[in-house]
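A closer look at the structure
Below, each chain spelled out in residue letters.
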Amino acid sequence: QVQLVESGGGLVQAGGSLRLSCTLSGRILSFNTMGWYRQAPGKQRELVATIALAGSTNYAESAKGRFTISRDNAKNTVYLQMNSLKPEDTAVYYCNADRVRTGPMAVRDFWGQGTQVTVSS
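Description of the structure in this document. (Residues numbered from 1 in each chain as written. Predicted model: local features only at pLDDT ≥ 70, side-chain atom pairs only at ≥ 80, totals over all residues. Heavy atoms only, no water.)

Notes on the pairing of strand β11 (residues 115–120)
Worth spelling out the cut-off: Only protein chains enter the accessibility calculation, which uses a 1.4 Å probe; a residue is then buried when its area is under 20% of its type maximum, exposed when over 50%, and partly exposed in between. Strands here mean DSSP runs of E at least two residues long; helices mean DSSP runs of H or I at least four residues long; both are numbered from the N terminus. Between any two strands, at least two bridges found by DSSP are needed for them to pair.
Along β11, the buried face is formed by T115, V117 and V119; none of Q116, T118 and S120, which line the opposite face, is buried. As judged from the four bridges shared by strand β2 (residues 10–13) and β11, these two strands associate in the parallel manner. By the bridge assignment for β11, L11 is matched with T118. Where strand β9 (residues 91–103) meets β11, three bridges bridge the pair, whose relative direction is antiparallel.

A look at the side chain of E6
We apply this condition: In this tally Asp and Glu are treated as negative and Lys and Arg as positive; neither His nor the chain ends contributes. Each salt bridge in this description consists of a side-chain nitrogen of Lys or Arg and a carboxyl oxygen of Asp or Glu lying within 4 Å of one another. N or O atoms within 3.5 Å of each other form a polar contact, as long as, within protein, one can give a hydrogen and the other can take it, and as long as residues adjacent in sequence are counted only when both atoms are side-chain atoms. Whether two residues are in contact is decided by their heavy atoms, any of which lying within 4.5 Å being enough.
Within the fold, E6 resides in strand β1 (residues 3–7). Although E6 is buried, it makes no salt bridge; R45 carries the closest opposite charge, 7.7 Å away. A distance of 2.9 Å separates a polar atom in the side chain of E6 from the backbone nitrogen of C95. What E6 contacts, discounting residues up to four positions off in sequence, is S21, C22, W36, Y93, Y94, C95, G112, Q113, G114 and T115.

Right under this line is the structure:
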C-alpha cells in the first residue's frame, strides 16, 4: 500500500526550529509535486510550501523567509525546515504528494495523517 508518513513535529518555543520529514512509500511508478499544508483550529487547511520534481518551490506568504522546503527524490522524501517559529504556526501539518502513479490508469493524490506542531510563547 502507498502511504505518506510524516515525522518531526513537536512542541517548540517561539523562535525555535523544527524539521519535518515526509516519506512516500509503496509501489510507486512516478509522482510529481510534494508539499506541506497545515490546518489550525477553526481554520481551513492551507498551503505552506510545495516543491516540484525539478526543485522549483512555492511558499505561502507567511512562510517566506522562515521556512524552506526540499526533497530527496532518491528517498521519496520531502522536508520542511521551519525556523523562527511563531505561535501562529501552531497547526497540524500534512504532507501531500500529487499525481502519484501506481499503475497504468491509477493516478491520485496522497495525504499523510498529519503531524502536530505546537509553538509556545
